[in-house]
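Report on the structure
Single-letter residue listing:
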Amino acid sequence: MTRPRILVVGAGFAGVGCVRRLERKLSPDEADVTLVSPTSYQLYLPLLPQVASGVLTPQSIAVSLRRSKRYRTRIIPGGAIGVDLKSKVCVVRTITDQLVNERYDYIVLAPGSVTRTFDIPGLTDHAFGMKTLAEAAYIRDHVISQLDLADASDDPAERAARLQFVVVGGGYAGTETAACLQKLTHAALSRYPNLDPKLIKWHLIDIAPKLMPELGDKLGRSAQEVLRRRGVDVSLGVSIEKAGPEEVTFTDGRVVPTHTLIWTAGVVASPLIATMGAETVRGRLAVTAELTLPGHDGVFALGDAAAVPDKAKDEPGAVCPPTAQHAMRQGKVVADNVIAALRGQALRPYVHKDLGLVVDLGGKDAVSKPLGIELRGLPAQAVARGYHWSALRTNVAKTRVATNWLLNALAGDDFVRTGFQARKPARLKDFEYTDTYLTPEQVRARAEGPEDPGSSPA
């Protein structure tokens, strides 16, 4: 008899947590485990702003998928672009652009999320994202190149435009990105004596009335005060009306000359979810507390792509927020439930009470709320970095991150441009490949048609 095939889609916190637990708890002859991922690493997403600011190297938060001592998972290097739940087929586009039909008996859907965009003129053509490792590395190069170009320019208007930076999104990603990159440009002043410090301006805007409302009013105001003390212009109730190559127009009428627009205004579930024709809640798969998809045997979903009922809250319809904290724990529960389904045992629901929130604002500045306790400054920074360090999956990653933090604290930044895509401008639309997914009809046709790994959709 052939062994059951378990297919895990996505190598984020949820997917990797599931795979590692399956490897530990399943005997080698009990099932075959396959992981679909376009990258060969798990990205520790919360530390991405520190990569953009140069505090951490990209490799330090890219944790290898092949370091497990029990490693026996087959990895398909590509992205899932369609799932036919009826035929139990997942269509994968490999990194060489071949299409492959991957059949399964059990599927764990953890494809994560993509940057949420709106129909704003020029946005996807001129804004940078902050969702992938490549984007963080690119933004770092771009910001340093603006300093270099401004330093070399004799045109006052060009110099002023290159030294203005706009970040859209007052959540964790946007706030930490603005804070960390502002620290980078502020530290650069000692290396660029020709630049006028008054010309370097950072703008953080958000359509919401509060900065990071999940932190509560007091800590949200504290974070805002830290940014304003550093000279960051925080504008709430404001968004982007249109974006151009050399200026951005705000909805309040202001026009800011800039070559740098960073868009971090939230995320939405992976477009993979729309290929299935299943019930969704605000774009996320509607699943049970056991992380199963109702009406579809052997289908599990979790993380950013699933609306998982939050049993820790006494609120009807409450779902778990799309955070790393929940994704990591859901990965373990879904692995146990896949094994239980495989063995004909009862499934258990996912229940986890949020442990709190941490926000690293760079340097000695941070705000944190562990277990409901509000912290600011160095104590908050210690909690934030301690949490991130402990959450890293391998000792190698922990050593690299700790060493980077120490080296940056002692030696500062070298303001080195790596030349990453230096001659090819790259924006939001160029990194997340959201236009590669199939329609439900294309998925069905491919699942029911003859196998042809090298073909492409019409």
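In what follows, the accompanying structure is described. Everything numeric in this text was worked out from a predicted model, so none of it was measured. (Residues numbered from 1 in each chain as written. Predicted model: local features only at pLDDT ≥ 70, side-chain atom pairs only at ≥ 80, totals over all residues. Heavy atoms only, no water.)

Looking now at the overall build of the chain. Across its full length, the chain holds eleven helices and 24 strands. Here the C-alpha radius of gyration of the chain, 23 Å, is about what a compact globule of 458 residues would show, namely 23 Å. Across the 458 residues of the chain, 52% fall into the buried class. Taking contacts inside the chain between residues at least 6 apart in sequence as the whole, the part at least 24 apart equals 69%. Just so you have it, the chain exposes about 20,800 Å², and 53% of that area is on carbon and sulfur atoms. (Helix = DSSP H or I, 4+ residues; strand = E, 2+ residues; numbered from the N terminus. Rg over C-alpha atoms; globule rule 2.2 N^0.38 Å. Buried < 20%, exposed > 50% of the residue type's maximum accessible area, 1.4 Å probe, protein only. Contact = heavy atoms within 4.5 Å. Areas by Shrake-Rupley, 256 points an atom, 1.4 Å probe, with all protein chains shown as cover.)

It is worth spelling out the pattern of salt bridges at this point. Applying the stated criterion to the full structure yields 20 salt bridges. Taking the shortest distance from any N to any O, the salt bridge between aspartate 365 and arginine 229 comes out at 3.8 Å. Linking aspartate 365 in the loop between β22 (356-360) and β23 (366-370) with arginine 229 in helix α7 (residues 217-229), this pair joins segments that are 136 residues apart in sequence. Since its relative accessible area comes to 18%, aspartate 365 is described here as buried. For the salt bridge of aspartate 336 with arginine 348, the shortest nitrogen-to-oxygen distance reads 3.0 Å. Within this pair, whereas aspartate 336 is found in helix α8 (residues 324-343), its partner arginine 348 is found in the loop between α8 and β22, the two being separated by twelve residues in sequence. We classify aspartate 336 as buried; its relative accessible area is 12%. Under the relative-accessibility criterion, arginine 348 is labelled partly exposed at 39%. The network of salt bridges with shared partners includes Arg21, Lys25, Asp336 and Arg348. (Salt bridge = Lys/Arg side-chain N within 4 Å of Asp/Glu carboxyl O.)

To continue, consider the sheet that holds strand β20 (residues 299-301). Spatial ordering of the open sheet is given by β7-β6-β5-β2-β1-β8-β20, a layout of seven strands whose pairing is mixed. Edge strands, defined here as strands with exactly one partner in the open sheet, are β7 (99-103) and β20. Direction aside, neighbouring strands of the sheet carry axes that sit 35° apart on average. Sheet strands touched by helix α1 (residues 13-25): β1 (5-9), β2 (32-37) and β8 (106-109). Its angle to β1, the strand with the most contacts, is close to 155°. (Pairing = 2+ DSSP bridges. Axes fitted to C-alpha atoms, helices over the stretch in contact; angles between N-to-C directions.)

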